[in-house]
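For reference, the chains in residue letters:
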Amino acid sequence: NVVRGSDADRLLLLVHGFGADERDLGGLLPYLDPDGHFVTVLPRGPVALPGMPGFAWYDFGLPAPEIAAAFASALDELDDLLDEAAAEHDMPRAEAIVGGFSQGAGLALALALRTSDRPHPLGVLALSPALPQASLDELQPDWDAATKIPVLLQHGTHDPLVPVARSRDLARELDERGVPLVYTEYPMEHQVAMESVQQAQSWLD
């Protein structure tokens, strides 16, 4: 699904979380991009969940080695999609923003920071990220490039699914590595609150 803003000159890749679909984050666009600066690409995860509505990028219930492989596969798929979207809409990949919620936020963060021959995105919007790895180092980031990639990291203090402590640890790791980071906590559960979206909108501007 692609939504083109009225004054679009950049790409925004928004990756949904576990059990959702491409429409989930699309509902944020009137608040996230009210002036229509982005062509927003909203992909659907490849994994259908038995007995559940929605989709996923990988199944949290897999054994650890299989989760790592599934994460890597989803990451490659999103990296290819970003290339394709940049070519299709004639917009520089290096000026794209990648973002997401929960599982999608973990993938967006890994996509932006990974060691790669492809141009890194301009920035990352990570809303309550869920990463299968305990440390970003396991994703083999390009820490030199990461010092030039701004990250907006948000998390709810009452999140029952992805503990806020994980984002605190992540924020500490990013900060120690010199990544330009804005980290904010909100009194919310595993969700996106209007206040957090308003901050994201200001950050994107």
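Small disclaimer: the values here were computed from a predicted structure and weren't measured.

Draft legend 1. Here's a closer look at the packing of aromatic side chains. Across all of its chains, the model carries three aromatic pairs by this definition. Here Phe18 and Phe60 contribute two aromatic rings whose centre-to-centre distance is 5.2 Å and whose plane-to-plane angle is 40°, an arrangement assigned as tilted. Of this pair, Phe18 sits in the loop between β2 (10-15) and α1 (23-26) while Phe60 sits in the loop between β5 (55-56) and α3 (64-88); the two residues are 42 residues apart in sequence, bridging distant segments of the chain. A relative accessible area of 31% places Phe18 in the partly exposed class. Classification of Phe60 as partly exposed rests on a relative accessible area of 37%.

Draft legend 2. Here's a closer look at the environment of Ala171. Following the sequence through the fold, Ala171 ends up in helix α6 (residues 164-176). The spatial distance from the C-alpha of Ala171 to the C-alpha of Tyr183 is 6.7 Å, given a sequence separation of 12 residues. Residues in contact with Ala171, not counting those within four places in the same chain, are Leu153, Leu181 and Tyr183.

Draft legend 3. Structural detail: the pattern of salt bridges. Summed over the entire model, instances satisfying the criterion amount to 11 salt bridges. The shortest N-O distance in the salt bridge between Asp21 and Arg23 comes to 2.6 Å. In this structure Arg23 comes out as exposed when scored by relative accessible area, which is 60%.

Draft legend 4. Structural view of the side chain of Arg114. For Arg114, the location among the structural elements is in the loop between α4 (103-113) and β7 (123-127). Ignoring anything within four residues of it in the chain, the contact list for Arg114 reads Leu75, Asp76, Asp79, His120, Gln140, Pro141 and Asp142.

Draft legend 5. Structural context of the nonpolar core. Counting residues in each nonpolar core, the largest one holds 41 residues, and the members touching the most others are Leu11 and Leu136. A per-element tally of this core places α3 first, with nine residues. Counting residues in hydrophobic clusters, the runner-up holds 16 residues, among them Leu28, Phe38, Leu42 and Leu125.

Draft legend 6. Here's a closer look at the side chain of Glu22. Structurally, the position occupied by Glu22 is in the loop between β2 and α1. Glu22 gets classed as buried once you look at its relative accessible area, which sits at 16%. Within polar-contact distance, the side chain of Glu22 engages the side chain of Arg44 at 2.8 Å. Look past the residues within four positions of Glu22 in its chain and what remains in contact with it is Asn1, His16, Leu42, Pro43 and Arg44.

Draft legend 7. Quick look at the pairing of strand β3 (residues 38-41). Residues Phe38 and Thr40 of β3 are buried on one face, and the alternating residues Val39 and Val41, pointing to the opposite face, are buried as well. Where β2 meets β3, four bridges bridge the pair, whose relative direction is parallel. The residue bridging Leu11 from the neighbouring strand is Val39, located in β3.

Draft legend 8. Geometry of α3. Along its 25 residues, α3 runs 36 Å from first to last C-alpha, staying within 8% of the 36 Å computed at 1.5 Å per residue. Turning to α3, its buried residues number three or more, namely Ile67, Ala70, Phe71, Ala74, Leu75, Leu78, Asp79, Leu82, Ala85 and Ala86. Each element contacted by the buried residues of α3 is listed here: β2, β3, β6 (97-101) and α4. Of the residues trailing α3, Asp90 is marked for its positive phi of about 55°.

Draft legend 9. Representation of a negative patch on the surface within the structure. On the surface, Asp7, Asp9, Asp35, Glu95 and Asp205 cluster together into a negatively charged patch. Topologically, Asp7 is positioned in the loop between β1 (2-4) and β2. Asp7 sits in the partly exposed class, given a relative accessible area of 47%.

Draft legend 10. Inspection of the environment of Ala8 at higher detail. Within the secondary structure, Ala8 sits in the loop between β1 and β2. On a C-alpha basis, the gap between Ala8 and Phe38 in space is 4.5 Å, while along the polypeptide they are 30 residues apart. The contacts of Ala8, once residues within four sequence positions are left out, are Gly36, His37, Phe38, Val39 and Met91.

Reading the values: rules and limits
Within each chain, residue numbers correspond to sequence positions counted from 1 in written order. Given that this is a predicted model, residues contribute local features only at a pLDDT of at least 70 and side-chain atom pairs are listed and counted only at 80 or more, while totals for whole chains, interfaces and linings are drawn from all residues. Note that water and hydrogens are dropped before the side-chain values are worked out from all heavy atoms of the structure. Between rings of Phe, Tyr and Trp, where Trp is taken as its six-membered ring, a pair exists when centres lie within 6.5 Å; planes separated by under 30 degrees are stacked, by over 60 edge-to-face, and by other angles tilted. Under the DSSP-based scheme used, a helix requires at least four consecutive residues in state H or I and a strand at least two consecutive residues in state E, with every element numbered from the N terminus. With a 1.4 Å probe rolled over the protein chains alone, any residue whose accessible area is under 20% of its type maximum counts as buried; one over 50% counts as exposed, and the rest are partly exposed. Whether two residues are in contact is decided by their heavy atoms: any pair within 4.5 Å suffices. By definition, a salt bridge exists where a carboxyl oxygen of Asp or Glu is found within 4 Å of a side-chain nitrogen of Lys or Arg. For this analysis, a nonpolar core means a set of buried residues of the types Ala, Val, Leu, Ile, Met, Phe, Trp, Tyr and Cys, connected via side-chain atoms within 4.5 Å. We call two N or O atoms a polar contact when they sit within 3.5 Å, provided that within protein one can donate a hydrogen and the other can accept it, with sequence-adjacent residues counted only if both atoms are side-chain atoms. A strand pair is defined by DSSP finding two or more bridges across the two strands. Take the number of residues in a helix, subtract one, and multiply by 1.5 Å to get its expected span. Each patch is built from residues lacking any salt bridge and having more than 30% relative accessible area; the joining distance is 9 Å for like charges and 5 Å for nonpolar side chains (Val, Leu, Ile, Met, Phe, Trp, Tyr). Areas reported here follow the Shrake-Rupley algorithm with a probe of radius 1.4 Å; residue values treat only the protein chains shown as occluding. Lys and Arg are tallied as positive, Asp and Glu as negative. Neither His nor the chain termini are counted. By convention, the point assigned to a charge is CZ for Arg, NZ for Lys, CD for Glu and CG for Asp.

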